[in-house]
Amino acid sequence: MMSGYDTSPDLQFTQITDFTGPPFAQESDAGPSNQSFSPPPAPKSTSSQDQTPKTSGRSPAVDPVTALKRQRNNVAARKYRQKRIDRINELETELRNVKQERDDLRLRLARQEAEAAALRSMLQLNSGKGAKS
């Protein structure tokens, strides 16, 4: 038997056997009948316990060892979730920094390429003047 599962009779399902009328309206040879099918009325219960099973609260007979294990597990799960969120935030920050560095390097490269192109054109102009003289 697995611990943690409530096998009390409150949680068992009841089978509805009180059904009045045929499941489908039957057609005669002359055509469909004018009768409409309506589902049977829901069974009425006198106690509020029968309508909803007890799942909202813990049963009073909880083993102290089990309660301690659950508490430790909850703390560990909470700690893990927070650690995971912190790690995600850390990675997102690092990603933003790396993207910023990449953009800065691209800009620097574009400036240096433009400077190199300007220097080449100046060199070609100067070398062209020197050859004519």
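Treat the numbers as computed from the prediction; the structure is a model and nothing was measured. (Residues numbered from 1 in each chain as written. Predicted model: local features only at pLDDT ≥ 70, side-chain atom pairs only at ≥ 80, totals over all residues. Heavy atoms only, no water.)

Engineer: Explain the overall build of the protein residue by residue, including any values.
Structural biologist: The helix and strand tally for the protein stands at one helix and zero strands. Burial analysis of the protein (133 residues in total) assigns 1% to the buried set. Entry remark: accessible area of the protein is about 13,300 Å², with carbon and sulfur atoms responsible for 54%. (Helix = DSSP H or I, 4+ residues; strand = E, 2+ residues; numbered from the N terminus. Buried < 20%, exposed > 50% of the residue type's maximum accessible area, 1.4 Å probe, protein only. Areas by Shrake-Rupley, 256 points an atom, 1.4 Å probe, with all protein chains shown as cover.)

Engineer: For the pattern of salt bridges, give the residues involved together with the corresponding values.
Structural biologist: Enumeration according to the criterion identifies two salt bridges in this entry. Close ionic contact of Glu90 with Arg87 constitutes a salt bridge, the shortest N to O distance being 3.1 Å. Here Glu90 and its partner Arg87 are both found in helix H1 (residues 64-132), three residues apart, which amounts to about one turn of the helix. On the accessibility criterion, Glu90 (47% relative accessible area) is partly exposed. (Salt bridge = Lys/Arg side-chain N within 4 Å of Asp/Glu carboxyl O.)

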